[in-house]
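Observations on the model geometry
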Amino acid sequence: MRDLAQLALDTAVGRGAAYADVRFLELRREDLLVKNGQVGGLEQTESRGVGVRVLVSGAWGYAATDELSREGVMACAARAVQIGRASASALLSPVRLAPEPPARAVWSSSCRVDPFTVPLETKLDLLFRVDAALRGVPGVDIAEGFLTFIRKRQLFLSSEGADIDQTVTRSGGGYSATAVRDGDVQRRSYPQAEGHHQTLGYEFIDSVAWVDEAPRVAEEAVALLSAEQCPAGEFDVILEGSQIALQIHESVGHPSELDRVLGMEANYAGTSFLTLEKKGSLQFGSPRVTLTADATLPHGLATFAFDDEGVAAQRWPIVRDGRFEGYLTSRELAHAVGEPRSRGCVRSDGWHHIPMIRMVNLSLEPGAGTLDDLLADTGHGLYLETNRSWSIDQLRYNFQFKTEIAWEIRGGRRVRMLKNPTYQGITTEFWNSCDFVCGEAAWRPWGVVNCGKGQPGQVADMTHGAAPARFRKVRVGAGYDA
Amino acid sequence: MRSDEARAILDAALALAGDRGMEVVLGGGLFELTRFANNEITQNVSERRYALSVRIVLGRRTGRASGNDLSHDGIAALVARAAESARLAPEIPDLLPLPGPQRYGEAPPPDPATERIGPVERATEVARAVARAKAAGVQAAGIYETGVGTIGDYGQMGTLAIANTSGLFAYHQGTDAAFAISALDGAVSGWAGVESRRASDVDGDALAARAVEKAIRSRNPTRWEPGRYTVVLEPAAVADLLQDTAWLSFGALPVQEGRSFLSGKIGTRIAGENVTIRDDPFHPLHGGAPFDAEGMATRPTTIIERGVAIGPVYDRQTAAKEGKESTGHGLPTPNTFGPIASHVVMEGGSGSADDLVSGVERGLLVTRVWYTNVVDPGTATLTGMTRDGLFAIEKGRISGPVGNFRFNQSIVRMLGEVEAMSEPVRAGGVVCPGLLVRSFQMSSVTEF
């Protein structure tokens with residue numbers, strides 16, 4: 001691994017790269033799915049490869065290969081330099097990298113029980129017990145459960161002298177029950193849509209009460225078929241934590257990515273309303289709203305010692321007491337916001353893809369009080385749980401979400417179940433309407449594992465911590481005026 | 001990778017099968033992409049990779065292992081891992097035996113000129129497009145990608161070759177090229193793009209001209225109120241909506257599970273008489289693989305004909321459940337998703353989407369849509385945003401730019417409101433026309 005990575009680095013520099021970094025990765029993944037009492041997937045995946053990133057005449061080139069011979073990695077490095085030269089032919093301003101002391105480190109995420117040593121029988125037994133509990137509830141048509149385990153070991157070498165060997169292990173899973181009647185398709189998921197994941201070993205799976213919650217999840221899915229349609233109108237809305245996590249992801253995380261702000265994602269994911277002059281002045285949310293980027297969050301999905309440019313993990317505010325304060329940055333773009341150092345947000349989803357700015361863990365800081373306190377403080381409103389659908393415009397103003405279930409709140413209590421809740425808003429109006437964030441006891445780290453960005457597209461994961469919170473006068477129900 | 005090279009890798013795995021059933025799938029190729037923004041190249045990448053997936057079948061037990069170490073030892077390790085999974089896996093009562101040899105339709109070979117395109121050629125084409133944007137005083141951002149093999153947009157790998165111990169072998173290698181450009185003038189923008197299996201169909205200058213024109217015409221948009229409008233959807237917008245609908249509703253599994261708007265409607269009228277939709281990898285604009293991930297021959301399959309629901313696409317398992325034959329739209333076995341229509345073709349009319357504008361008294365021209373997602377599966381209701389050029393149509397002419405809308409629209413209902421269609425083109429992985437549609441629901445406005 002090391003010899004080939006060093007050979008690729010030496011080749012790139014020898015061919016004329018002014019800067020080069022090499023990532024040699026070994027990926028291992030295990031996926032198990034059970035649907036309606038049958039194994040729906042059982043796959044072990046391994047992948048090894050090398051990615052070479054170079055600056056030639058101030059322009060980027062990137063090449064990746066799985067031909068892991070001396071000839072293969074030398075050809076890959078030469079291809080990266082050739083591509084860099086081609087890039088330089090259409091360049092207006094040479095890339096300047098913010099300085100970063102070259103680190104030498106070995107780091108691993110916490111993993112007490114190696115998930116790849118836990119027998120398949122143990123994992124399948126858990127999924128079949130969940131499946132039986134879900135299908136034990138009359139009216140459930142589809143029961144699905146999954147477990148996913150990922151280990152990524154990456155050696156990062158740079159022409160500046162960085163030498164970083166990192167290993168991250170991720171464990172997670174989830175399940176859902178779906179009930180169908182006359183074209184009405186109702187689903188409940190646990191612990192959230194897309195499952196629950198952390199950078200931990202199998203001890204994370206053992207820490208979750210998977211089977212215990214299955215009957216409730218299944219019963220709610222069936223009950224939704226008979227529930228009233230969520231009414232349309234303006235309501236005070238309480239969002240459960242995992243829905244706030246996706247709200248943070250779409251309406252705070254993506255618009256604060258500096259590459260988007262500067263137009264580099266314009267053709268695909270779009271740009272951002274958080275233009276440079278808004279830093280330090282925009283009242284993004286109410287004073288209750290503080291959002292912190294944190295690549296050091298324990299067991300977060302975007303928790304690491306160094307990013308894929310060799311920059312050490314950091315923690316900093318994106319929104320403090322409602323005011324917009326900071327961006328997610330890279331070595332290439334930090335200077336655009338007058339910062340001397342990258343915030344360390346550059347990641348890739350594998351050896352085959354170039355690293356770019358990706359969200360690190362980004363969380364809503366807890367306020368005070370419990371969910372019961374919040375419900376009691378809400379005379380009439382809606383409590384929405386578990387994401388089902390999401391969409392936002394390419395500048396990140398106008399969003400619409402659907403959740404799996406809503407509860408009408410009257411007199412401080414949940415009085416009835418409602419189905420098909422959708423809500424819309426404009427990002428800053430929405431966050432400025434936040435007047436209650438529950439406290440630390442209700443705060444949970446929720447994971448997102450399907451974040452798409454870039455061309456070619458890459459899939460990243462990150463954690464968004466949140467407690468339930470209330471938003472005033474939210475527009476509800478427009479999704480069903482179709 | 002040539003057929004004989006692929007076959008040699010598959011055979012090396014099959015030689016280790018012993019008396020076990022084995023299916024081996026090879027995917028991969030070379031994928032390169034030049035990306036530009038702010039009128040310069042900002043990212044330029046190349047990935048060369050292959051992966052082998054081995055599935056062992058032991059009666060009704062099966063397990064799969066995948067990896068990219070294609071050495072003898074690497075393949076042997078994959079076989080051992082797949083065998084171990086299969087041994088430990090519970091029986092799947094519905095698991096079908098491996099299929100034998102199949103006969104495949106003829107698909108076009110890779111385009112040699114596209115295979116030869118490299119970073120210099122892509123940079124040259126990008127420079128032509130950027131020059132057009134610079135001259136107009138706007139910022140260009142976009143991509144020029146070329147590929148040979150089966151590496152998809154998010155790095156997923158399709159099936160380049162498949163073989164099994166029952167004698168099945170299939171191989172198909174294609175080429176792809178795509179160019180897309182957004183022209184930005186502050187918060188307003190215009191877009192144009194093309195995708196083809198031949199890079200010679202890419203004309204960066206012409207696409208830039210169209211995107212720039214749309215951006216300039218989008219300056220100072222007026223705000224229209226949300227409501228139902230007659231719309232002209234350009235093919236890129238139609239393609240996005242049809243892709244989501246195909247994923248949601250055109251496979252046999254969602255139909256069997258009651259999650260598709262086709263459920264219980266086969267043989268009945270569900271759309272206007274002018275609507276015919278099928279899946280056809282052999283359409284000249286698609287040029288897709290003639291087989292699926294199970295090695296079954298893909299057959300052109302009519303889903304909706306003249307407004308009547310004909311049927312979904314099938315894989316082996318969903319077909320067996322109904323006593324039918326697979327239409328060759330399967331994903332790797334086993335899976336929980338079911339078959340998928342990945343080469344959708346919607347029949348159309350003649351002329352361009354621009355020509356449809358003359359038939360509209362008052363409405364909107366939609367260049368493309370963005371961030372579509374499912375609101376209601378049963379009615380195929382999708383939400384999303386208009387993007388990169390939304391224009392008012394008044395008295396059959398474009399009268400000016402309009403601020404973007406969020407829409408919530410049932411696609412079933414939309415297919416019953418189609419008044420006119422342009423000539424189909426390939427866009428967003430779909431062959432489809434532009435559509436003139438009545439009563440399209442725009443739900444809310446945004447800030448640009």
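A brief look at the structure comes next. Just so you know, these numbers come straight off a predicted model, no measurement behind them. (Residues numbered from 1 in each chain as written. Chains lettered and ligands numbered in written order. Predicted model: local features only at pLDDT ≥ 70, side-chain atom pairs only at ≥ 80, totals over all residues.)

Some thoughts on the sheet that holds strand β13 (residues 323-324) of chain A
Residue and element names in this part refer to chain A.
- On the basis of which strands lie adjacent, the open sheet formed by four strands has the order β13-β12-β11-β16 and antiparallel pairing. The strands lining the two open edges of the sheet, one partner per strand, are β13 and β16 (362-364).
- With three bridges joining them, strand β11 (residues 291-294) and β16 adopt antiparallel strand pairing. Considered in β16, the bridge of A293 is made with L362.
- The sheet contacts of helix α6 (residues 241-253) involve β11, β12 (315-320) and β16, and relative to β16 the element is tilted by about 120 degrees. (Pairing = 2+ DSSP bridges. Helix = DSSP H or I, 4+ residues; strand = E, 2+ residues; numbered from the N terminus. Contact = placed C-beta atoms within 7 Å. Axes fitted to C-alpha atoms, helices over the stretch in contact; angles between N-to-C directions.)

Considerations on the nonpolar core
- Within the largest apolar cluster, 281 residues are counted, with the highest numbers of intra-cluster contacts made by A:V52 and A:L134.
- Dropping the residues within four chain positions of it, A:L134 is found in contact with A:V140, A:A143, A:Y175, A:A177, A:A214, A:V217 and A:A218. (Core = buried A, V, L, I, M, F, W, Y, C linked by C-beta atoms within 7 Å. Buried ≥ 20, exposed ≤ 12 C-beta atoms within 10 Å, placed from the backbone.)

Observations regarding helix α2 (residues 72-88) of chain B
- With 17 residues, α2(B) should reach 24 Å at 1.5 Å per residue; the first-to-last C-alpha distance of 25 Å fits that figure.
- Residues of α2(B) that are buried sit in contact with β2 (38-56) and α3 (120-135) of chain A together with α1 (3-14), β2 (40-58) and β3 (61-67) of chain B. (Expected span 1.5 Å × (residues − 1).)

Quick notes on the environment of A:L127
All names here are of chain A.
- Note on placement: L127 falls in helix α3.
- Residue classification places L127 among the buried positions, given that 23 C-beta atoms sit within 10 Å.
- Along the sequence, L127 and V449 sit 322 residues apart, while their C-alpha atoms lie 20 Å from each other.
- Those residues in contact with L127, other than ones at most four positions away along the chain, are L32, V34, G145 and L147.

Things to note about unusual backbone geometry
All names here are of chain A.
- Going from Y190 to P191, the amide bond is cis rather than trans, its omega being -10 degrees.
- On the secondary structure map, P191 appears in the loop between β7 (184-190) and β8 (196-198).
- Positive phi values are uncommon outside glycine, yet D321 reaches one of about 50 degrees.
- Tracing the backbone through its elements, the reader meets D321 in the loop between β12 and β13.

A look at the interface of chain B and chain A
- At the interface, 84 residues of chain B touch 74 residues of chain A.
- Residues of the side of chain B that touches chain A, tallied by class, amount to 35 nonpolar, 33 polar and 16 charged.
- Summarising the sheet, strand β3 (residues 59-65) of chain A and β2(B) pair through four bridges and their orientation is parallel. The residue of β2(B) that forms the bridge with A:Y62 is B:V45. (Nonpolar A, V, L, I, M, F, W, Y, C, P; charged D, E, K, R; others polar.)

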